[in-house]
Amino acid sequence: MFQARDRLIVALDVPSATAARRIIADLGDVVSTFKVGKQLFTAEGPSLVREFVEAGQKVFLDLKFHDIPHTVAQAVTAAARLGVSMLTVHASGGAKMLEAAAKAAAESRSHPQILAVTVLTSLSDDDLQTIGISGRVIDHVLRLAGLARASGCAGVVASPQEVPELRRELGEGFAIVTPGIRPAGAESNDQQRIATPVQAISNGASHIVVGRPITHAPDPAAAAAAIIAEMEQARISR
Ligand code: C5P
(Lines give C-alpha, C1' and ligand atoms only; values in the text may rest on other atoms or scores of the structure.)
Protein backbone atom coordinates (compact mmCIF):
# COMPACT_ATOMS: atom_id res chain seq x y z
CA MET A 1 0.00 0.00 0.00
CA PHE A 2 1.17 3.52 -0.80
CA GLN A 3 2.22 5.33 2.37
CA ALA A 4 3.38 8.81 1.36
CA ARG A 5 5.42 9.15 4.53
CA ASP A 6 7.58 6.20 3.48
CA ARG A 7 8.10 7.69 0.02
CA LEU A 8 9.68 10.94 1.17
CA ILE A 9 13.45 10.92 1.66
CA VAL A 10 15.07 13.96 3.25
CA ALA A 11 18.65 14.70 2.16
CA LEU A 12 21.03 15.36 5.04
CA ASP A 13 23.36 17.56 2.99
CA VAL A 14 25.15 19.01 5.98
CA PRO A 15 28.80 18.97 7.06
CA SER A 16 28.52 17.66 10.60
CA ALA A 17 26.82 15.15 12.87
CA THR A 18 25.49 18.01 14.97
CA ALA A 19 23.71 19.59 12.00
CA ALA A 20 22.34 16.21 10.87
CA ARG A 21 21.07 15.34 14.34
CA ARG A 22 19.32 18.70 14.51
CA ILE A 23 17.43 18.00 11.27
CA ILE A 24 16.40 14.56 12.49
CA ALA A 25 15.27 15.99 15.82
CA ASP A 26 13.09 18.47 13.89
CA LEU A 27 11.68 15.86 11.50
CA GLY A 28 11.93 12.44 13.10
CA ASP A 29 8.21 12.25 13.90
CA VAL A 30 7.13 13.24 10.39
CA VAL A 31 9.80 11.75 8.13
CA SER A 32 11.08 8.18 8.27
CA THR A 33 13.93 8.09 5.71
CA PHE A 34 17.06 10.23 5.54
CA LYS A 35 19.72 10.31 2.82
CA VAL A 36 23.35 10.32 3.91
CA GLY A 37 25.64 11.28 1.05
CA LYS A 38 29.34 11.62 0.43
CA GLN A 39 29.79 14.86 2.36
CA LEU A 40 28.28 13.75 5.68
CA PHE A 41 29.60 10.19 5.42
CA THR A 42 33.14 11.35 4.68
CA ALA A 43 33.03 13.84 7.53
CA GLU A 44 31.42 11.68 10.19
CA GLY A 45 31.72 8.06 9.07
CA PRO A 46 29.69 4.91 9.59
CA SER A 47 29.08 5.41 13.30
CA LEU A 48 26.63 8.20 12.55
CA VAL A 49 24.71 5.95 10.15
CA ARG A 50 24.58 3.28 12.83
CA GLU A 51 23.34 5.85 15.35
CA PHE A 52 20.45 6.88 13.08
CA VAL A 53 19.49 3.27 12.33
CA GLU A 54 19.56 2.38 16.02
CA ALA A 55 17.32 5.40 16.72
CA GLY A 56 14.74 3.90 14.34
CA GLN A 57 15.37 5.98 11.21
CA LYS A 58 15.71 4.46 7.75
CA VAL A 59 18.93 5.45 6.04
CA PHE A 60 19.48 5.81 2.30
CA LEU A 61 23.26 5.62 1.89
CA ASP A 62 24.05 7.55 -1.28
CA LEU A 63 27.71 6.75 -1.93
CA LYS A 64 27.27 5.67 -5.58
CA PHE A 65 29.58 2.65 -5.50
CA HIS A 66 31.42 2.03 -8.78
CA ASP A 67 34.26 -0.49 -8.76
CA ILE A 68 35.07 -4.08 -9.67
CA PRO A 69 32.25 -6.49 -8.73
CA HIS A 70 34.06 -8.03 -5.75
CA THR A 71 34.86 -4.66 -4.18
CA VAL A 72 31.32 -3.38 -4.66
CA ALA A 73 29.86 -6.56 -3.20
CA GLN A 74 32.07 -6.16 -0.11
CA ALA A 75 31.04 -2.53 0.25
CA VAL A 76 27.35 -3.48 -0.04
CA THR A 77 27.84 -6.13 2.65
CA ALA A 78 29.46 -3.53 4.92
CA ALA A 79 26.62 -1.05 4.29
CA ALA A 80 24.04 -3.76 4.97
CA ARG A 81 25.74 -4.47 8.30
CA LEU A 82 25.21 -0.83 9.20
CA GLY A 83 21.51 -1.45 8.66
CA VAL A 84 20.91 0.94 5.77
CA SER A 85 17.63 0.49 3.88
CA MET A 86 18.71 1.76 0.47
CA LEU A 87 22.06 2.39 -1.21
CA THR A 88 23.28 3.54 -4.61
CA VAL A 89 25.65 2.08 -7.18
CA HIS A 90 26.53 3.32 -10.70
CA ALA A 91 24.72 1.31 -13.38
CA SER A 92 27.64 2.01 -15.73
CA GLY A 93 29.67 -0.42 -13.60
CA GLY A 94 28.05 -3.10 -15.78
CA ALA A 95 25.94 -6.21 -15.34
CA LYS A 96 28.48 -8.19 -13.31
CA MET A 97 28.95 -5.37 -10.83
CA LEU A 98 25.20 -4.81 -10.50
CA GLU A 99 24.54 -8.52 -10.04
CA ALA A 100 27.26 -8.73 -7.39
CA ALA A 101 25.72 -5.78 -5.54
CA ALA A 102 22.20 -7.25 -5.72
CA LYS A 103 23.45 -10.67 -4.57
CA ALA A 104 25.35 -9.19 -1.62
CA ALA A 105 22.23 -7.26 -0.59
CA ALA A 106 20.01 -10.33 -0.93
CA GLU A 107 22.39 -12.41 1.18
CA SER A 108 22.60 -9.82 3.96
CA ARG A 109 20.33 -9.79 6.95
CA SER A 110 18.96 -6.30 6.36
CA HIS A 111 18.36 -6.68 2.57
CA PRO A 112 18.98 -3.05 1.54
CA GLN A 113 17.44 -1.98 -1.76
CA ILE A 114 20.08 -1.47 -4.44
CA LEU A 115 19.32 1.64 -6.49
CA ALA A 116 21.25 2.25 -9.69
CA VAL A 117 22.30 5.70 -10.81
CA THR A 118 22.04 5.76 -14.61
CA VAL A 119 23.41 8.98 -16.14
CA LEU A 120 24.31 11.79 -13.75
CA THR A 121 21.93 14.68 -14.34
CA SER A 122 24.94 16.99 -14.60
CA LEU A 123 25.80 15.35 -17.96
CA SER A 124 24.34 16.56 -21.27
CA ASP A 125 24.13 14.80 -24.64
CA ASP A 126 27.41 16.56 -25.59
CA ASP A 127 29.12 15.42 -22.37
CA LEU A 128 28.18 11.83 -23.20
CA GLN A 129 29.84 12.21 -26.62
CA THR A 130 33.09 13.21 -24.93
CA ILE A 131 33.15 9.95 -22.98
CA GLY A 132 32.44 7.91 -26.07
CA ILE A 133 28.68 7.42 -25.79
CA SER A 134 26.74 8.57 -28.81
CA GLY A 135 23.02 9.27 -28.75
CA ARG A 136 20.76 11.04 -26.34
CA VAL A 137 21.00 10.97 -22.55
CA ILE A 138 17.47 9.56 -22.24
CA ASP A 139 18.31 6.57 -24.45
CA HIS A 140 21.35 5.79 -22.32
CA VAL A 141 19.27 6.23 -19.15
CA LEU A 142 16.70 3.74 -20.43
CA ARG A 143 19.40 1.27 -21.50
CA LEU A 144 21.14 1.41 -18.10
CA ALA A 145 17.86 1.23 -16.19
CA GLY A 146 16.91 -1.91 -18.13
CA LEU A 147 20.32 -3.39 -17.30
CA ALA A 148 19.87 -2.53 -13.62
CA ARG A 149 16.49 -4.20 -13.55
CA ALA A 150 17.73 -7.31 -15.36
CA SER A 151 20.68 -7.49 -12.93
CA GLY A 152 18.46 -7.63 -9.86
CA CYS A 153 18.55 -4.02 -8.67
CA ALA A 154 15.46 -2.74 -6.86
CA GLY A 155 15.27 0.56 -8.69
CA VAL A 156 16.96 3.59 -10.16
CA VAL A 157 17.63 7.20 -9.27
CA ALA A 158 16.41 9.50 -12.02
CA SER A 159 15.65 13.14 -12.75
CA PRO A 160 11.96 14.13 -12.74
CA GLN A 161 12.10 14.56 -16.55
CA GLU A 162 13.13 10.93 -17.00
CA VAL A 163 10.46 9.47 -14.72
CA PRO A 164 7.54 9.13 -17.21
CA GLU A 165 9.57 7.25 -19.83
CA LEU A 166 11.26 5.10 -17.21
CA ARG A 167 7.92 4.11 -15.69
CA ARG A 168 6.50 3.33 -19.14
CA GLU A 169 9.54 1.19 -20.04
CA LEU A 170 10.02 -0.55 -16.71
CA GLY A 171 6.45 -1.06 -15.59
CA GLU A 172 5.36 -1.12 -11.96
CA GLY A 173 7.25 -2.85 -9.17
CA PHE A 174 10.57 -1.09 -9.76
CA ALA A 175 11.57 1.87 -7.58
CA ILE A 176 12.16 5.22 -9.26
CA VAL A 177 13.66 7.67 -6.81
CA THR A 178 13.81 11.27 -7.93
CA PRO A 179 15.54 14.38 -6.54
CA GLY A 180 15.10 17.88 -8.00
CA ILE A 181 11.79 18.31 -6.21
CA ARG A 182 10.40 21.73 -5.45
CA PRO A 183 6.92 22.37 -4.02
CA ALA A 184 5.00 24.95 -6.08
CA GLY A 185 6.37 28.41 -5.30
CA ALA A 186 9.57 27.20 -3.61
CA GLU A 187 13.09 28.42 -4.49
CA SER A 188 14.70 26.28 -7.19
CA ASN A 189 18.19 26.90 -5.67
CA ASP A 190 20.74 25.39 -8.09
CA GLN A 191 18.34 22.76 -9.49
CA GLN A 192 17.68 23.23 -13.23
CA ARG A 193 15.03 20.66 -14.06
CA ILE A 194 12.55 20.47 -11.24
CA ALA A 195 9.14 18.97 -10.55
CA THR A 196 6.63 19.39 -7.77
CA PRO A 197 5.93 16.42 -5.49
CA VAL A 198 2.57 15.99 -7.25
CA GLN A 199 4.15 15.93 -10.73
CA ALA A 200 6.83 13.47 -9.66
CA ILE A 201 4.42 10.99 -8.05
CA SER A 202 1.79 11.41 -10.78
CA ASN A 203 4.47 10.68 -13.39
CA GLY A 204 5.37 7.42 -11.68
CA ALA A 205 8.12 8.17 -9.16
CA SER A 206 8.01 5.80 -6.20
CA HIS A 207 10.08 8.05 -3.90
CA ILE A 208 11.17 11.68 -3.88
CA VAL A 209 14.34 13.12 -2.38
CA VAL A 210 13.97 16.59 -0.92
CA GLY A 211 16.68 18.64 0.75
CA ARG A 212 16.63 22.40 1.13
CA PRO A 213 12.87 23.00 0.67
CA ILE A 214 12.51 21.12 3.95
CA THR A 215 15.80 21.57 5.80
CA HIS A 216 15.96 25.34 5.12
CA ALA A 217 12.27 25.96 5.78
CA PRO A 218 11.33 28.12 8.79
CA ASP A 219 9.31 25.15 10.07
CA PRO A 220 10.87 21.98 8.58
CA ALA A 221 8.28 19.61 10.08
CA ALA A 222 5.41 21.63 8.61
CA ALA A 223 7.17 21.77 5.22
CA ALA A 224 7.64 17.99 5.25
CA ALA A 225 4.04 17.37 6.34
CA ALA A 226 2.77 19.59 3.50
CA ILE A 227 4.83 17.63 0.96
CA ILE A 228 3.55 14.31 2.33
CA ALA A 229 -0.02 15.58 2.03
CA GLU A 230 0.65 16.60 -1.60
CA MET A 231 2.09 13.16 -2.38
CA GLU A 232 -0.97 11.45 -0.90
CA GLN A 233 -3.19 13.60 -3.11
CA ALA A 234 -1.15 12.80 -6.24
CA ARG A 235 -1.34 9.11 -5.55
CA ILE A 236 -5.09 9.23 -5.07
CA SER A 237 -5.58 11.02 -8.41
CA ARG A 238 -3.12 8.81 -10.33
O1 C5P B 1 18.38 20.48 -1.58
P2 C5P B 1 17.88 19.64 -2.72
O3 C5P B 1 16.43 19.27 -2.61
O4 C5P B 1 18.24 20.24 -4.06
O5 C5P B 1 18.70 18.27 -2.56
C6 C5P B 1 18.58 17.23 -3.51
C7 C5P B 1 19.44 16.07 -3.12
O8 C5P B 1 19.41 15.12 -4.19
C9 C5P B 1 20.91 16.39 -2.91
O10 C5P B 1 21.41 15.45 -1.94
C11 C5P B 1 21.53 16.12 -4.26
O12 C5P B 1 22.88 15.77 -4.18
C13 C5P B 1 20.71 14.93 -4.72
N14 C5P B 1 20.70 14.76 -6.16
C15 C5P B 1 20.26 15.72 -7.04
N16 C5P B 1 20.28 15.52 -8.37
C17 C5P B 1 20.73 14.36 -8.84
C18 C5P B 1 21.18 13.36 -7.98
C19 C5P B 1 21.15 13.60 -6.63
O20 C5P B 1 19.82 16.77 -6.62
N21 C5P B 1 20.71 14.14 -10.12
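Check the entry above for the structure.
Residue numbers here run from 1 along each chain, matching the order of that chain's written sequence. Two thresholds apply to this predicted model, a pLDDT of at least 70 for residue-level local features and 80 or more for giving and counting side-chain atom pairs, whereas whole-chain, interface and lining totals are computed over all residues. The side-chain numbers reported here are obtained from all heavy atoms of the structure, hydrogens and water having been left aside.

## Digging into the site of the ligand
One heavy atom within 4 Å of a molecule or strand makes the whole residue count as near it. Taken together, the neighbourhood of the ligand is formed by Ala11, Asp13, Lys35, Thr121, Pro179, Arg182, Gln191, Val209, Val210, Gly211, Arg212 and Pro213. Counted as a polar contact is a pair of N or O atoms within 3.5 Å, where, for protein atoms, one must be capable of donating a hydrogen and the other of accepting one, and residues adjacent in sequence contribute only when both atoms are in side chains. A distance of 2.7 Å separates an oxygen atom of the ligand from a polar side-chain atom of Gln191. Within the complex, the protein chains bury 78% of what would otherwise be the 460 Å² of accessible surface of the ligand. For the purposes of this entry, the term helix denotes a DSSP run of H or I that reaches at least four residues, the term strand denotes a run of E that reaches at least two, and both are numbered from the N terminus. If you list the elements that add at least two residues to the shell around the ligand, you get strand E8 (207–210) and helix H10 (212–215). By the convention adopted, Pro, Cys, Tyr, Trp, Phe, Met, Ile, Leu, Val and Ala count as nonpolar, Lys, Arg, Asp and Glu as charged, and the other residues, Gly among them, as polar. Its residues placed into classes, the shell around the ligand shows five nonpolar, three polar and four charged. All accessible areas in this document rest on Shrake-Rupley with a 1.4 Å probe, and a residue is counted as covered only by the protein chains that are shown.

## Brief notes about the packing of helix H7 (residues 137–150) against helix H8 (residues 163–170)
Two packed helices can be described by the angle between their axes and the distance between those axes. Running from amino to carboxyl end, H7 crosses H8 at an angle of 40°, the nearest separation of the two axes being 10 Å. One element, H7, and the other, H8, form an angle in the oblique class. Considering only the axes of H7 and H8, their crossing is right-handed. Where H7 abuts H8, its residues Ile138, Val141, Leu142, Ala145, Gly146 and Arg149 lie against Glu165, Leu166, Glu169 and Leu170. Within the contact of H7 with H8, the residues separate by chemical class into six nonpolar, one polar and three charged. Angles shown run from 0 to 180 degrees and are taken between the N-to-C directions of axes, each axis being a line fitted to C-alpha atoms and, for helices, limited to the stretch in contact. Any angle between 65 and 115 degrees counts as roughly perpendicular, while under 35 counts as roughly parallel, over 145 as roughly antiparallel, and the rest as oblique. What makes a crossing left-handed is the near helix being turned counterclockwise from the far one by less than a right angle; a clockwise turn instead makes it right-handed. Contacts between residues were defined by any pair of non-hydrogen atoms, one from each residue, lying within 4.5 Å.

Function cannot be read off these values alone, since they describe shape.
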